[in-house]
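Topology and contacts: notes
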Amino acid sequence: MTEAVIIGVGLHPFGRFPGKPALDMGADAVRLALADAGVTWPQVQGGYIGSYEVANPDAVVGRLGLTGIPLRGVFNGCATAGTALALAARAIETGEHDLTVAIGMDKHPRGAFAADPSVAGIPSWYGQTGLFLTTHFFGMKINRYMHDHGISHQTLARVASKNFRNAAGNEKAWRRTPLTPEEVLASPVLNYPLRQFMYCGPNEGAAALVLCRADQAHKYTGKPVRVRSTALRSRRLGAFEVQSPSFPVGEPVESPTVEASREAYERAGIGPEDVDVAQLQDTDAGSEVIHMAENGLCKDGEQERLIAEGATEIGGPLPVNTDGGLLGNGEPIGASGLRQIHEIVLQLRGTAGTRQIPGTPRVGYTHLYGAPGASAVTILST
């Protein structure tokens, strides 16, 4: 099977951009990725594009050029971008195309997401009791995890503080004001034990990647980044995930993240001990803590010591969310996962500027998780 590599990345800033449509942001991100790859839009043979808010995201071709290429829309909740990348890579691996793109964009209004629970296959009482708020779910989940594994409030605050500090060095991040752990802990509690500055926020932005056959990468770049594996998993019966209307009884069921992670490692022939830098879904500070263990990067409960010792800092042995993560960047759903890939590509190239991790990183890891219990993992390497 032909190997797919990433030869170009482009990122529109994340934040709020009044008067600028998501399609324009998406087109800007694609142009940046094309320029980075040294290719033109007519050379692109196909791609995949994701968005929650844009009904027909493939309409971005109107901004880029009507070349007739198949640009297929995808949506998989917060795992949308992971799906777009996986399919763009698969089209190359199977020989369907030689040059593809993965694109994500979104423009969310202020405030939490809201909808009729029936669209997610959940009875109306679930929303009437306030459980359809994802902030509520994440608060309950980390509260239980803290009890079971000895995680402190200080650890949650350290995670948030780290991500805001990392975002301060990222010119395309949304929240670039550093906050101390004490300032994070002083912010209002929204859903116990999570406070205001421990949550990410929906916002606006776009990202894009250009991929090609590995044996043709030399025509475009001297530093291609290999797509070693991608994996996507949905929840199993009995798992307690976003929008689960009940708590499981009996033996715990593994999260889809655990299964996606295990599959990605196996396909790549790479283990957690090989990961040099990771991007984990930090919908909230507690999620980053939980996902460290679910992705095999540590054992349950070890996060308390590792985070206190600075292991996940840019200069630590396992840097996590070096660009600020979702806490610092916000989450335009369709683009969020491609932002993660963008950061890993910069790190593996050694071009992340003040955020660059020490040494010569060779393996990068990205993880997405969201409603209604879907998880996507991508492993990249030099």
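Residues numbered from 1 in each chain as written. Predicted model: local features only at pLDDT ≥ 70, side-chain atom pairs only at ≥ 80, totals over all residues. Heavy atoms only, no water.

**Quick notes on the packing of helix α3 (residues 80-93) against helix α12 (residues 333-349)**
The interhelical angle for the contact between α3 and α12, taken along N-to-C directions, is 60°, at an axis separation of 6 Å. Only Ile333, Gly334, Gly337, Leu338 and Ile341 of α12 make contact with α3, whose side of the interface consists of Thr80, Ala81 and Leu85. In the contact of α3 with α12, the residues fall into 5 nonpolar, 3 polar and no charged. (Axes fitted to C-alpha atoms, helices over the stretch in contact; angles between N-to-C directions. Helix = DSSP H or I, 4+ residues; strand = E, 2+ residues; numbered from the N terminus. Contact = heavy atoms within 4.5 Å. Nonpolar A, V, L, I, M, F, W, Y, C, P; charged D, E, K, R; others polar.)

**As for the pairing of strand β10 (residues 363-370)**
Burial analysis of β10 places 8 of its 8 residues in the buried class, which makes it a mostly covered element. Where burial is concerned, the two faces of β10 agree: the one with Val363, Tyr365, His367 and Tyr369 and the one with Gly364, Thr366, Leu368 and Gly370 are both buried. Where β10 lies against strand β11 (residues 374-381), 8 bridges are found, and the strand directions are antiparallel. Pairing of valine 363 across the sheet is with serine 381, part of β11. Taking the residues between adjacent antiparallel strands as the criterion, β10 and β11 are bridged by 3 residues, where glycine 373 takes a positive phi near 115°. (Buried < 20%, exposed > 50% of the residue type's maximum accessible area, 1.4 Å probe, protein only. Pairing = 2+ DSSP bridges.)

**Some words on the pairing of strand β8 (residues 225-234)**
Here 2 bridges tie strand β1 (residues 4-15) to β8, and the two strands are oriented antiparallel to one another. When the bridges of β8 are listed, valine 5 appears paired with arginine 226. Inspection of the sheet shows β8 paired to β11 by 8 bridges, in the antiparallel sense. Paired with serine 229 across the two strands is isoleucine 379, which belongs to β11.

**A few points about the packing of helix α6 (residues 153-168) against helix α9 (residues 285-294)**
Their axes nearest at 8 Å, the elements α6 and α9 cross at an angle of 100°. The pairing of α6 with α9 is recorded here as roughly perpendicular in orientation. Residue-level contacts link Thr155, Leu156, Val159, Ala160, Lys162 and Asn163 of α6 to Ala285, Gly286, Glu288 and Val289 of α9. A per-class count over the contact of α6 with α9 returns 5 nonpolar, 3 polar and 2 charged. (Parallel < 35°, antiparallel > 145°, perpendicular 65-115°, else oblique.)

**Quick notes on the packing of aromatic side chains**
Tallying each qualifying case throughout the model produces 4 aromatic pairs. Taken together, a centroid distance of 5.4 Å and an interplanar angle of 35° make the contact between tyrosine 52 and phenylalanine 75 tilted. Placement of the pair is tyrosine 52 in the loop between β2 (46-50) and α2 (61-64) and phenylalanine 75 in the loop between β3 (71-74) and α3, with a sequence separation of 23 residues. Cluster of aromatic residues (ring-pair linked, three or more members): Phe137, Phe138 and Phe240. (Phe/Tyr/Trp six-rings, centres within 6.5 Å; stacked < 30°, edge-to-face > 60°.)

**Brief notes about the environment of isoleucine 333**
For isoleucine 333, the location among the structural elements is in helix α12. Relative accessible area serves as the criterion here: at 6%, isoleucine 333 is assigned to the buried category. Residues isoleucine 333 and glycine 77 lie 256 residues apart in sequence; the distance between their C-alpha atoms is 7.0 Å.

**Some remarks on empty space enclosed by the protein**
Tallied over the entire structure, the rule returns 1 cavity of 30 Å³ or more. Size it by volume and the largest cavity reaches roughly 50 Å³. Around the largest cavity, the lining residues are Ala81, Gly82, Leu85, Gly337, Leu338, Gln340, Ile341, Thr366, His367, Leu368, Ala376 and Thr378. Among the secondary structure elements, those contributing two or more residues to the lining of the largest cavity are α3, α12, β10 and β11. With 4 residues, the top contributor of residues to the lining of the largest cavity is α12. In terms of residue class, the lining of the largest cavity is built from 6 nonpolar, 6 polar and no charged. (1 Å grid on protein atoms, 1.4 Å probe; cavity = no way out; pocket = protein on both sides within 12 Å on 5 of 7 lines; lining within 4 Å. Points joined across faces, edges and corners; volume = space filled by probe spheres on them.)

**Some words on the environment of lysine 223**
Positionally, lysine 223 belongs in the loop between β7 (204-213) and β8. Taking the C-alpha atoms as reference points, lysine 223 and arginine 349, 126 residues apart in sequence, are found 6.6 Å from one another. Among the polar contacts made by the side chain of lysine 223, one reaches the main-chain carbonyl oxygen of arginine 349 at a distance of 3.1 Å. (Polar contact = N/O pair within 3.5 Å; in protein donor to acceptor, adjacent residues only side chain to side chain.)

**Examining α3**
Here α3 is 14 residues long and its end C-alpha atoms lie 20 Å apart, about the 20 Å a rise of 1.5 Å per residue gives. For α3, the buried fraction is high: 12 of the 14 residues fall into the buried class. Inspection of α3 places Thr80, Ala81, Gly82, Thr83, Ala84, Leu85, Ala86, Ala88, Ala89, Ala91, Ile92 and Glu93 among the buried residues, and these make up the whole buried set. Positioned one or two residues after α3, glycine 95 has a phi angle of 85°, which is positive. (Expected span 1.5 Å × (residues − 1).)

**Things to note about the nonpolar core**
Nonpolar side chains in soluble globular proteins tend to be buried together. Core analysis: the biggest nonpolar cluster contains 47 residues, and Leu156, Val275, Tyr365 and Ile379 have the highest contact counts within it. Looking at this core, the elements with two or more residues in it are α5 (134-149), α6, α8 (256-268), α9, α10 (303-308), α11 (325-329), β10 and β11. Dropping the residues within four chain positions of it, leucine 156 is found in contact with Ile142, Met146, Pro193, Leu194, Met198, Ala285, Gly286 and Val289. (Core = buried A, V, L, I, M, F, W, Y, C linked by side-chain atoms within 4.5 Å.)

**Points about the sheet that holds β11**
With respect to topology, 9 strands assemble into an open sheet ordered β3-β2-β4-β7-β1-β8-β11-β10-β9, the strand pairing being mixed. In this open sheet, the two edge strands, each paired with only one partner strand, are β3 and β9 (277-279). This sheet shows a mean twist of 20° between the axes of neighbouring strands, independent of strand direction. Of the strands in this sheet, β8, β10 and β11 are in contact with α8, which crosses β8 at around 150°. Running over the sheet, α12 touches β1, β2, β4 (99-107), β7, β8, β9, β10 and β11 and is turned about 120° from β1.

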